[in-house]
Amino acid sequence: MNQDILDNLQLAERWKLIGTRDAIAKRFQRLRSLPKSNPRHLKALRIGNQVRYRMMDILEYEDRNTGKRRMLS
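Report follows, based on the coordinates. None of these values were measured; they are calculated from a predicted model.

1. Observations concerning the pairing of strand E3 (residues 50–54)
Next, step 1: Relative to E3, strand E1 (residues 5–6) runs antiparallel, the two sharing 2 bridges. Following the sheet pairing, Ile5 is matched in E3 by Arg54.
Next, step 2: Bridge count for strand E2 (residues 45–47) against E3 is 3 bridges, and the pairing is antiparallel. Within E3, the position partnered with Leu45 by the bridge is Arg52.
Next, step 3: Here E2 hands over to E3 after 2 residues, with Gly48 in that stretch at a positive phi of 65°.

2. A look at unusual backbone geometry
Next, step 1: The phi dihedral of Lys16 falls on the positive side, at around 55°, and the residue is not glycine.
Next, step 2: Inspection of the secondary structure puts Lys16 in the loop between helix H1 (8–14) and helix H2 (21–33).

3. Notes on the environment of Met56
Next, step 1: The residue Met56 is located in helix H3 (residues 55–66) in this model.
Next, step 2: Separated by 52 residues in the primary sequence, Met56 and Asp4 place their C-alpha atoms 7.6 Å from one another.

4. What to know about the pattern of salt bridges
If the charged atoms of two oppositely charged side chains come close together, the side chains can form a pair.
Next, step 1: Using the criterion set out here, one finds 4 salt bridges in the structure.
Next, step 2: For Arg54, the salt bridge goes to Asp57, with nearest N and O atoms at 3.1 Å.
Next, step 3: We classify Arg54 as partly exposed; its relative accessible area is 35%.
Next, step 4: The salt bridge involving Arg64 is made with Glu60; its shortest N-O contact spans 3.0 Å. In this pair, Arg64 and Glu60 both sit in helix H3, 4 residues apart, roughly one turn of the helix.
Next, step 5: On the accessibility criterion, Arg64 (37% relative accessible area) is partly exposed.
Next, step 6: Using a relative accessible area of 35% as the deciding quantity, one classes Glu60 as partly exposed.
Next, step 7: Linked through salt bridges whose partners overlap, the residues forming this network are Lys43, Glu60 and Arg64.

5. What to know about a positive patch on the surface
Next, step 1: Residues Lys26, Arg27, Arg30 and Arg40 make up a contiguous surface patch of positive charge.
Next, step 2: Among the structural elements, Arg30 can be located in helix H2.
Next, step 3: Look at Arg30 and you get exposed, because its relative accessible area is 52%.

Each value, and the rule that gives it
Residues numbered from 1 in each chain as written. Predicted model: local features only at pLDDT ≥ 70, side-chain atom pairs only at ≥ 80, totals over all residues. Heavy atoms only, no water. Pairing = 2+ DSSP bridges. Helix = DSSP H or I, 4+ residues; strand = E, 2+ residues; numbered from the N terminus. Salt bridge = Lys/Arg side-chain N within 4 Å of Asp/Glu carboxyl O. Buried < 20%, exposed > 50% of the residue type's maximum accessible area, 1.4 Å probe, protein only. Patch = residues over 30% accessible without salt bridge, like charges linked within 9 Å, V, L, I, M, F, W, Y side chains within 5 Å. Areas by Shrake-Rupley, 256 points an atom, 1.4 Å probe, with all protein chains shown as cover. Lys, Arg positive; Asp, Glu negative; His and termini not counted. Charge placed at Lys NZ, Arg CZ, Asp CG, Glu CD.

Below, the structure written as structure tokens:
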């Protein structure tokens, strides 16, 4: 898959989250369902019936919520 687009498991690996596939999906669902005005809102896009995340949105989210950008791994 394109490095500019991540799925739930790739994002969980980037953020070093552990848990079942369902637990990770629920965690990201909660972040996506927050109001867009909330700084913890996670932007996502749907490709078919699957949720994906653009790297530029992830970097923006990390900047907004940590104050520093994490390196690509």
